Amino acid sequence: MDVNLARTFLMVTETGSFIHAARKMNLTQSTVSARIKGLEDQLGKPLFARSKAGAELTAAGEQFQKHALALVRIWQRAQLEVGISDQHSDHLAVGAPSMFWDALLLDWFASLRANAPEIALSASTGLSTALMQRLLEGTLDLAVLYRPRQPRGLMIEHLFDEEIVLVTSVLTPQRRHTGDYLFIDWGPDFQQDHAAAFPERANPAISLDLGSMALDYMLANPCSGYFPARLIRPHIAAGRLRLTKRARKFTYPVYAVYPETRNEEAYEPILDSLRQFVSKHT
């Protein structure tokens, strides 16, 4: 299939309009219509329900959407790997939620580059479900995730246990002013456990869907909130934050996920590098 058909389908899906898709892709509307018709002819199903209001996905269109994304990503990866083949012997694509990149995986990337400069690296972030799908598609080589499910074709390996602890930037306990309470989104498991443990905090003063970037807010303002221990350890040592005594802690296992069928000779040194790095830095 022409990858341009998949790209055009995704643009119409995003904009909800053949006209808007044509403008964004710098094409004529007739070209967009012809591409979608060609795609529908190949698949034997209508993908969009057209109306004066625009274009909405049919049930078949919703089913095709994930495959269109996979086609485009696979093509992009092929272009990348062919493009870098003159300078690098291999390419490693790693995905993880944003919280794992700060103070862990980016540092591992630096170590890996120093020890294996022949390998080109790419990093991406996203939700666990999306990263698992990319592993199955073959557009990711490795993912680091909390409590992943194990679909057929993928291996999971325990790396470490993440401890999420309550810290505050109010360094001297005060009765009258203890600062705002921040709720930071560390994923669906934490959301559920936090709600069960603290029903009285269902409406916190501030809710941040920013992961580790919320640490910058805490360091600049009097407040408290839950953070992975590895992120706030240097700030506690420097006296900028303090642990809240007798506060509940949450612990989640973290896993490496990678294809069951893989090139052992290429994968094992990378996995071993990750294992060793994590053991020293968590």
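What this report covers is the structure whose coordinates are included nearby. (Residues numbered from 1 in each chain as written. Predicted model: local features only at pLDDT ≥ 70, side-chain atom pairs only at ≥ 80, totals over all residues. Heavy atoms only, no water.)

### Side note on unusual backbone geometry
And step 1. For Ala-103, which is not glycine, the phi torsion reads 60° and is therefore positive.
And step 2. Mapping Ala-103 onto the fold places it in helix 5 (residues 98–115).
And step 3. Unlike most non-glycine residues, Arg-147 shows phi in positive territory, near 35°.
And step 4. Within the secondary structure, Arg-147 sits in the loop between strand 5 (142–146) and strand 6 (154–168).
And step 5. For Arg-147, a relative accessible area of 40% gives the class partly exposed. (Helix = DSSP H or I, 4+ residues; strand = E, 2+ residues; numbered from the N terminus. Buried < 20%, exposed > 50% of the residue type's maximum accessible area, 1.4 Å probe, protein only.)

### Looking at the pattern of salt bridges
And step 1. Inspection of every chain in the model, using the stated rule, returns 7 salt bridges.
And step 2. Here Glu-157 ties to Arg-275 by a salt bridge, and the two come within 2.5 Å at their closest N and O atoms. Note that Glu-157 is positioned in strand 6 and Arg-275 in helix 10 (residues 264–281), a separation of 118 residues in sequence.
And step 3. Accessibility expressed as a relative area gives 17% for Glu-157, which makes it buried.
And step 4. Between Arg-275 and Glu-268 there is a salt bridge, with the nearest N and O atoms lying 3.5 Å from each other.
And step 5. The exposure class of Arg-275 is partly exposed, given its relative accessible area of 27%.
And step 6. Residues joined by salt bridges that share partners form a network here, namely Glu-157, Glu-268 and Arg-275. (Salt bridge = Lys/Arg side-chain N within 4 Å of Asp/Glu carboxyl O.)

So yeah, pure geometry; function would need other evidence.
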